[in-house]
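Chain by chain, the residues run as shown.
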Amino acid sequence: DWRSDYSKARKEAQEKGRPLVIDFSTENCYWCRQLEQRTFIDPTIVALLNDRCVPLHIDAGRVPDLIEKMNIQNFPTMVYASPEGRVLGYQEGFVEAPVLRDQVQRLVNAVAAPEWMTRDYAEAAKAAAQKEYVRALSLLKSIVDDGKERLIQTKARQLMRQLEQEASDRLIA
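Residues numbered from 1 in each chain as written. Predicted model: local features only at pLDDT ≥ 70, side-chain atom pairs only at ≥ 80, totals over all residues. Heavy atoms only, no water.

1. Thoughts on the pattern of salt bridges
Operational definition: By definition, a salt bridge exists where a carboxyl oxygen of Asp or Glu is found within 4 Å of a side-chain nitrogen of Lys or Arg.
According to the stated counting rule, one finds 9 salt bridges in the structure shown. Among the ionic pairs, aspartate 59 bridges to arginine 62, the shortest N-O distance being 3.1 Å. A network of salt bridges, in which partner residues are shared, links Glu27, Asp59 and Arg62.

Put into structure tokens, the structure is as follows:
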């Protein structure tokens, strides 16, 4: 059932803060097969989709109501979505690996946490555990000040609130 597969994929995307890449294709579609046989076997595409995204394949022939609802006209069509499931873009038709790589990399860059944020969050958590609150808050502030709404930024805000509450409790005591 596509609903179950989508639900699992979306849950994984939210937990990992990764974008969804949904491939809609049909069994009898020449260009869908070309996408499978030429583009999706490229090692850089495989790594990018598996390591930085949550890929999902949906057989469009089995879900005509969904295809109509999403206004998909041709196959293959890939839908790019945020970890929350918000559609960010479409790729209609066959694309070679370099084109898909660039599109998916832009998608990842738009929604995933940059390496520096992941590193700084880990350092902030470590500093907080060692009661180095000034260092922890400084690192967290740089993550939050980015202005986007990534999963790691939500976690950083939560940790900041927790540290601020601990500081407040110490002042009162």
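2. Description of the packing of helix 6 (residues 115–129) against helix 8 (residues 151–172)
Selection criterion: Axes here mean lines fitted to C-alpha atoms, for a helix over just the part in contact, with angles spanning 0 to 180 degrees between N-to-C directions. Secondary structure elements are taken from DSSP: a helix is a run of H or I of four residues or more, a strand is a run of E of two residues or more, and numbering for both begins at the N terminus. Put simply, angles under 35 degrees are roughly parallel, angles over 145 are roughly antiparallel, angles from 65 to 115 are roughly perpendicular, and the rest are oblique. Here is the rule for handedness: rotate from the far helix to the near one, and if that takes an anticlockwise turn smaller than a right angle the crossing is left-handed, while a clockwise turn gives right-handed. When checking whether two residues touch, look at their non-hydrogen atoms; a contact exists if any pair is within 4.5 Å. Gly is put with the polar residues, along with every residue not named as nonpolar or charged; the nonpolar set is Ala, Val, Leu, Ile, Met, Phe, Trp, Tyr, Cys and Pro, and the charged set is Asp, Glu, Lys and Arg.
With their axes 11 Å apart at the nearest point, helix 6 and helix 8 run at an angle of 20° to one another. Looking at the two axes, helix 6 sits roughly parallel to helix 8. The two elements helix 6 and helix 8 meet at a crossing, and its hand is left-handed. Seen from helix 6, the contacting residues are Met117, Thr118, Tyr121, Ala125 and Ala128; seen from helix 8, they are Ile152, Gln153, Lys155, Ala156, Leu159 and Leu163. A per-class count over the contact of helix 6 with helix 8 returns 8 nonpolar, 2 polar and 1 charged.

3. Details of the side chain of threonine 77
For clarity, the cut-off: Burial status follows relative accessibility: with a 1.4 Å probe on protein chains alone, a residue under 20% of its type maximum counts as buried, one over 50% as exposed, and anything between as partly exposed. By the criterion applied in these results, polar contacts are pairs of N or O atoms within 3.5 Å in which, for protein atoms, one can donate a hydrogen and the other can accept it, and in which residues neighboring in sequence qualify only through two side-chain atoms.
Here threonine 77 shows up in strand 3 (residues 77–81). Residue classification places threonine 77 among the buried residues on the basis of a relative accessible area of 2%. Reaching out from threonine 77, the side chain makes a polar contact with the backbone oxygen of asparagine 74 at a distance of 2.5 Å. When residues no more than four places from it in sequence are discounted, the contact partners of threonine 77 are Ile22, Asp23, Phe24, Ile72, Tyr90, Gln91 and Glu92.

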